[in-house]
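Coordinate inspection notes
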Amino acid sequence: MRSLLPIAAEGVDLEASYAVAADVPWHVRVSFISSADGAVTVDGRAGGLGSAGDRRVFALLRDLSDVIVVGAGTARAEGYAAPRPTGRRLDRRRRHGLPDAPTLALVSERLAFDPEGGLFPDDEPRTVVITSGASPPERRAEVARHADVLVCGAAAVDLVAAAAALRDRGLSRVHCEGGPQLFATALRARVVDELCLTLAPLLTGPGADRIVAGVGLPAPAQMVLDHVLEEDGYLFLRYQLLHS
Ligand SMILES: NC(=O)c1ccc[n+]([C@@H]2O[C@H](COP(=O)([O-])OP(=O)(O)OC[C@H]3O[C@@H](n4cnc5c(N)ncnc54)[C@H](OP(=O)(O)O)[C@@H]3O)[C@@H](O)[C@H]2O)c1
């Protein structure tokens, strides 16, 4: 059913609005925020597009996931660290029967990470790095000291194999946080089930990427709209991808 409701409206249960049915064995959700003219960044970061409502929805999508998958470009640009929820967010995860913290999974070919940053904490869950057999062996060995390295594909990362590897680890609720290059390859591999897109009431001009960048798509990917919620002029769109 479609709706256009304020996200804080009486009767809107945000958790229920983004729930994935318990009998769905495996689910890949991608989320982005974009300006009304299609930009995914302002001055190289997504933060300039955001709002309080977007941060609430983004936090919820994280809290409903077993694993956060992100491309190395986004992890670098946005200064990622492995999340360790506390307080109400930890309570929410426990209420949904999820592990206390989602696993962080980084997708990279070059493996140019700072091992001293927050990407590779000493505690559990250990960060996962998804790469291919073409990545530099010495960097792979170095990263393996700090993270679980999954080699998926020989010459390039095979995202179908990566999805299977995550599923084998019991990580069946995937929240992919981009970026645009990773999303493009995920669409090509047809591993995406859902897109949650925040449309910001901003026009930012040319220059920035769109939510899909890098490699092209063989054909437009078709989607069905689940819902539209609204706050402060921001639209929160939940789409399901159609796999024909
Ligand atoms: N508005 C939003 O919601 C949003 C969301 C996410 C990101 N962003 C913005 O997007 C920008 C980053 O864009 P991006 O396209 O560079 O992001 P990206 O897809 O996160 O990063 C690209 C890099 O990630 C690795 N990668 C991605 N897909 C791969 C694949 N299929 N196989 C192997 N490696 C893969 C490669 O890393 P290596 O170079 O290490 O091999 C590649 O160079 C940042 O400015 C960020 O702020 C915006």
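Check the entry above for the structure.
The structure reproduced in this document is the subject of the present report.

Analysis parameters
Residues numbered from 1 in each chain as written. Predicted model: local features only at pLDDT ≥ 70, side-chain atom pairs only at ≥ 80, totals over all residues. Heavy atoms only, no water. Helix = DSSP H or I, 4+ residues; strand = E, 2+ residues; numbered from the N terminus. Rg over C-alpha atoms; globule rule 2.2 N^0.38 Å. Buried < 20%, exposed > 50% of the residue type's maximum accessible area, 1.4 Å probe, protein only. Contact = heavy atoms within 4.5 Å. Areas by Shrake-Rupley, 256 points an atom, 1.4 Å probe, with all protein chains shown as cover. Lys, Arg positive; Asp, Glu negative; His and termini not counted. Charge placed at Lys NZ, Arg CZ, Asp CG, Glu CD. Phe/Tyr/Trp six-rings, centres within 6.5 Å; stacked < 30°, edge-to-face > 60°. 1 Å grid on protein atoms, 1.4 Å probe; cavity = no way out; pocket = protein on both sides within 12 Å on 5 of 7 lines; lining within 4 Å. Points joined across faces, edges and corners; volume = space filled by probe spheres on them. Nonpolar A, V, L, I, M, F, W, Y, C, P; charged D, E, K, R; others polar. Near = heavy atom within 4 Å. Polar contact = N/O pair within 3.5 Å; in protein donor to acceptor, adjacent residues only side chain to side chain. Sits in = over half its atoms within 2 Å of the grid points.

Moving on: the overall build of the chain. Within the chain one finds seven helices and 10 strands. In terms of overall dimensions, the chain is globule-like: its C-alpha atoms have a radius of gyration of 18 Å, near the 18 Å expected for 244 residues. When the backbone C-alpha atoms are referred to their principal axes, the chain occupies close to 55 × 40 × 35 Å. Taken over 244 residues, the chain has a buried fraction of 46%. Within the chain, contacts between residues separated by at least 24 positions form 69% of all contacts whose residues are at least 6 apart in sequence. Accessible area of the chain: about 12,000 Å², with a carbon and sulfur share of 53%. Separation of charge centres in the chain, based on 26 positive and 31 negative side chains, amounts to 2 Å.

A separate point is the packing of aromatic side chains. Within the structure shown, the criterion is met by two aromatic pairs. Look at Phe-32 and Phe-183: their rings are 5.4 Å apart centre to centre, the planes differ by 40°, and that puts the pair in the tilted class. A residue pair is termed long-range when its members are at least 10 positions apart, and Phe-32 in strand E2 (residues 27–35) and Phe-183 in helix H7 (residues 180–189) qualify at 151 residues. The interplanar angle of 80° and the centroid separation of 5.9 Å between the aromatic rings of Phe-113 and Phe-120 together place this pair among those described as edge-to-face. For the residue pair Phe-113 and Phe-120, the accessibility class agrees, reading buried in each case.

It is worth spelling out the layout of surface pockets at this point. Counted as a void, the largest pocket has a volume near 1,300 Å³. What lines the largest pocket is a set of 49 residues, and nearest its centre among them are Thr-74, Glu-78, Tyr-80, Glu-177 and Gly-179. Elements with a minimum of two residues in the lining of the largest pocket: E2, helix H2 (52–63), helix H3 (72–77), H7 and strand E8 (194–200). The dominant element in the lining of the largest pocket, judged by the number of residues it contributes, is H2, at eight residues. Of the residues belonging to the lining of the largest pocket, the class tally is 23 nonpolar, 14 polar and 12 charged.

The full set close to the ligand counts 26 residues, and Ile-33, Thr-74, Glu-78, Ser-108 and Glu-109 are the nearest of them. Within the side chain of Thr-185, one N or O atom sits 2.9 Å away from a nitrogen atom of the ligand. When the free accessible area of the ligand is taken as 900 Å², the share hidden by the protein chains comes to 86%. Of all the cavities here, the one that holds the ligand is the largest pocket.

Counted under the stated rule, the structure contains two cavities of 30 Å³ or more. Estimated volume of the largest cavity: approximately 170 Å³. Considering the residues around the largest cavity, the lining is formed by 16 residues, among which Val-28, Val-69, Leu-159, Val-174 and Val-191 are closest to the centre. Of all the secondary-structure elements, those providing two or more residues to the lining of the largest cavity are E2, helix H6 (159–168), strand E7 (173–176) and H7. Broken down by class, the residue content of the lining of the largest cavity amounts to 16 nonpolar, no polar and no charged. Estimated volume of the second largest cavity: approximately 40 Å³. Around the second largest cavity sit Val-20, His-27, Arg-29, Leu-61, Leu-64, Ser-65, Arg-173, Val-174 and His-175, which together line it. Sorting the residues of the lining of the second largest cavity by element identifies E2 and E7 as the ones contributing at least two each.

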